[in-house]
Amino acid sequence: MIGTVADWLGGLCLLAGALLSLVAGIGVLRFPDVLDRMHAATKPQVLGVLLLLVGLALRLRTPSDLGMIALVAVFQLATAPVAAQMIGRSAYRSGRIDRELLDADELAGR
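Residues numbered from 1 in each chain as written. Predicted model: local features only at pLDDT ≥ 70, side-chain atom pairs only at ≥ 80, totals over all residues. Heavy atoms only, no water.

(A) Layout of the overall build of the protein chain. Of regular secondary structure, the protein chain possesses 3 helices and 0 strands. When the helices and strands of the protein chain are read in sequence order from the N terminus, they spell out α-α-α. Compactness check: the protein chain gives a C-alpha radius of gyration of 18 Å against a globular reference of 13 Å for 110 residues, more than 25% above the reference. Here the C-alpha coordinates of the protein chain stretch approximately 60 × 25 × 20 Å along the principal axes. Here the protein chain holds 110 residues, and 24% of them are scored as buried. As displayed, the protein chain offers around 7700 Å² of accessible surface, 68% of which is attributable to carbon and sulfur atoms. The averaged location of the 9 negative side-chain charges in the protein chain is 6 Å from the averaged location of its 10 positive side-chain charges. (Helix = DSSP H or I, 4+ residues; strand = E, 2+ residues; numbered from the N terminus. Rg over C-alpha atoms; globule rule 2.2 N^0.38 Å. Buried < 20%, exposed > 50% of the residue type's maximum accessible area, 1.4 Å probe, protein only. Areas by Shrake-Rupley, 256 points an atom, 1.4 Å probe, with all protein chains shown as cover. Lys, Arg positive; Asp, Glu negative; His and termini not counted. Charge placed at Lys NZ, Arg CZ, Asp CG, Glu CD.)

In structure tokens, the structure reads:
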């Protein structure tokens, strides 16, 4: 009984994660500027990957698989914000950001 419920919840998490990842990919293709694309590449994509990992964990349920899934989740959470920061900073330095869109320009004095 509990295994069946976990399988159904895992399937729902896999579906939701796949849809969020799809939306993130569409956003990267469709958004007009670097800041919007950076947002689409990090926020929904990370949540989508985490939902996929939760779905996998609910479906697989073995200790070795859970350990590997946890490592992938930690790596994803550690690298996505750093990548977004580097993309934003390089776009700012190369002049590809419309500075009128910024609420506060903290890098202007540097």
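(B) Structural context of a nonpolar patch on the surface. Among the surface-exposed residues, Met1, Val5, Leu9 and Leu12 lie close enough to one another that they form a single nonpolar patch of about 440 Å² accessible area. Tracing the backbone through its elements, the reader meets leucine 12 in helix H1 (residues 2-30). (Patch = residues over 30% accessible without salt bridge, like charges linked within 9 Å, V, L, I, M, F, W, Y side chains within 5 Å. Salt bridge = Lys/Arg side-chain N within 4 Å of Asp/Glu carboxyl O.)

(C) Molecular detail of the packing of aromatic side chains. In the structure shown here, the tally under the stated rule is 0 aromatic pairs. When the ring centre of tyrosine 92 is taken as reference, the NZ or CZ atom of arginine 99 above it lies at 4.2 Å. (Phe/Tyr/Trp six-rings, centres within 6.5 Å; stacked < 30°, edge-to-face > 60°. Lys NZ or Arg CZ within 6 Å of the ring centre and 35° of its normal.)

(D) Spatial organisation of helix H3 (residues 63-93). A rise of 1.5 Å per residue sets the reference length of H3, with its 31 residues, at 45 Å; its end C-alpha atoms lie 45 Å apart and thus fit the reference within 8%. Restricting attention to buried positions, one finds in H3 the residues Ile69, Ala73, Gln76, Ala80, Ala84, Gly88, Ala91 and Tyr92. Contact partners of the buried residues in H3: helix H2 (34-60). One or two positions beyond H3, positive phi appears at glycine 95, with a value near 80 degrees. (Expected span 1.5 Å × (residues − 1). Contact = heavy atoms within 4.5 Å.)

(E) Examining the environment of leucine 56 more closely. Note that leucine 56 resides in helix H2. For the pair leucine 56 and valine 28, spaced 28 residues apart in the sequence, the C-alpha separation amounts to 25 Å.

(F) Just the nonpolar core, in detail. Of all hydrophobic cores here, the largest spans 5 residues; its members are Val49, Leu53, Ala57, Ile69 and Ala73. Elements with a contribution of two residues or more to this core: H2 and H3. It is H2 that contributes the most residues to this core, 3 residues altogether. Filtering out sequence-adjacent residues up to four positions away, leucine 53 remains in contact with Ile69, Val72 and Ala73. (Core = buried A, V, L, I, M, F, W, Y, C linked by side-chain atoms within 4.5 Å.)

(G) Examining the environment of alanine 16 more closely. When you line up the elements, alanine 16 lands in helix H1. Counting along the chain gives 33 residues from alanine 16 to valine 49, while the straight-line C-alpha distance between them is 9.8 Å.

(H) Geometry of the pattern of salt bridges. Enumeration according to the criterion identifies 2 salt bridges in this entry. A salt bridge links aspartate 7 to arginine 59; its shortest N-O distance comes to 3.8 Å. Of the two residues, aspartate 7 sits in helix H1 while arginine 59 sits in helix H2, which places them 52 residues apart along the sequence. With a relative accessible area of 28%, aspartate 7 lands in the partly exposed category. Aspartate 7 is paired through a salt bridge with arginine 61; the nearest N and O atoms lie 3.2 Å apart. Of this pair, aspartate 7 sits in helix H1 while arginine 61 sits in the loop between H2 and H3, placing them 54 residues apart in sequence. Taking relative accessible area as the criterion, arginine 61 reaches 40% and is therefore assigned partly exposed. Connected through shared salt-bridge partners, Asp7, Arg59 and Arg61 make up one network.

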